[in-house]
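Structural features, examined
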Amino acid sequence: MAEKRPDHSFSLQGTALVTGASSGLGRHYAEFLARAGLDLILVARRADELKELAEGVLQRHGRAATVLPTDLTDRAARRALMAEVTDRGVQVDVLVNNAGFGTKGNFAELEPDRIIREIELNCVALTELARHFLPGMIERRHGAIINIASTAGFQPWPTMSVYGATKAYVRSFSQALWSETRGTGVRVLSVCPGATDTEWMANTGSPGMLPRRRTTEQVVQSTFRALNRDALEVVDGPLNRLTSFVAAVAPARVVLPIARQWAKG
Ligand SMILES: NC(=O)c1ccc[n+]([C@@H]2O[C@H](COP(=O)([O-])OP(=O)(O)OC[C@H]3O[C@@H](n4cnc5c(N)ncnc54)[C@H](OP(=O)(O)O)[C@@H]3O)[C@@H](O)[C@H]2O)c1
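Described in the following lines is the structure provided in the data block. (Residues numbered from 1 in each chain as written. Predicted model: local features only at pLDDT ≥ 70, side-chain atom pairs only at ≥ 80, totals over all residues. Heavy atoms only, no water.)

Turning next to the environment of G183. Checked against the element boundaries, G183 lands in the loop between helix 5 (161–180) and strand 6 (186–192). For G183, a relative accessible area of 65% translates into the label exposed. Distance in space between the C-alpha atoms of G183 and G105 is 43 Å, their sequence separation being 78 residues. (Helix = DSSP H or I, 4+ residues; strand = E, 2+ residues; numbered from the N terminus. Buried < 20%, exposed > 50% of the residue type's maximum accessible area, 1.4 Å probe, protein only.)

Spelled out as structure tokens, the structure:
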């Protein structure tokens, strides 16, 4: 008789905090989690979009969504967000560290303030939120941190240099946390979407880049399937898995000109 495979499924419950919930992937993560029965804390800068999502979530799924508009590149605003969550007595059971952006161009010509904000959002805010919410999850022996990295984190990316480096950071950081949290009841997952149909491309300053795109639904489905099997990392989509694997093992001199081509458009 075939041996029964162990059930690693993760029980989604409690409250999820989703950053970058005003559009794209974050919006779909929030919708998925509310449908699964979680209450939400929605974070991004655009308050109107968050409020509209919160009303929709209540109507469609009967779940409460608290809107906390925050510029996550602002250290004081981040601290105020974390204090507000504590003051409201909310325990965060699922943290989706999703907010992020990229900047297209040769590094020497990039606007200095913008690249500092990019690192602050993609790396510093993600790290600070994880540090704030992880101890409570470990204490309760339940929780999940879902960090949105990218296939851009598998190789250096000329003309998207800072972005690629921030996503390599997210992959490395998340995988170390995955290891540190073994046996605590907490899961940490690094999610690597490839090109996905959101506002992200337009926000990099290159709307025509990478025209073959996956849907946000596909990325969200890949994420929760991976969380259920207790994966260390998930690359969304078979073609992205193949290119990421090749990019990670091939010599940089071979990969760099190809990666540079990806950013054209
Ligand atoms: N789309 C892709 O091809 C792709 C591929 C790989 C990885 N990713 C990653 O996936 C994640 C989600 O991106 P997306 O594709 O859904 O793009 P998106 O539609 O542009 O969403 C980005 C989100 O981040 C929020 N955000 C930006 N700056 C912020 C700030 N200073 N403070 C707080 N929130 C901020 C935005 O909200 P506000 O503007 O309202 O603040 C928005 O909700 C990002 O980490 C991105 O790097 C995307």
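Bringing the site of the ligand into the picture now. In the vicinity of the ligand, 31 residues are found, and the nearest of them are S22, R45, N98, Y163 and T198. Between the ligand and S22, the relevant distance is 2.8 Å, taken from an oxygen atom to a side-chain nitrogen or oxygen of the residue. Here a nitrogen atom of the ligand sits 2.9 Å away from a polar atom, N or O, in the main chain of L72. If the ligand stood free it would expose 880 Å²; the protein chains cover 96% of that surface. Among the elements of the structure, helix 1 (24–35), helix 5 and helix 6 (200–204) are those that each provide at least two residues to the shell around the ligand. Ranked by the residues each element gives to the shell around the ligand, the list is headed by helix 6, at 3 residues. Among the residues forming the shell around the ligand, the class breakdown is 13 nonpolar, 13 polar and 5 charged. (Near = heavy atom within 4 Å. Polar contact = N/O pair within 3.5 Å; in protein donor to acceptor, adjacent residues only side chain to side chain. Areas by Shrake-Rupley, 256 points an atom, 1.4 Å probe, with all protein chains shown as cover. Nonpolar A, V, L, I, M, F, W, Y, C, P; charged D, E, K, R; others polar.)

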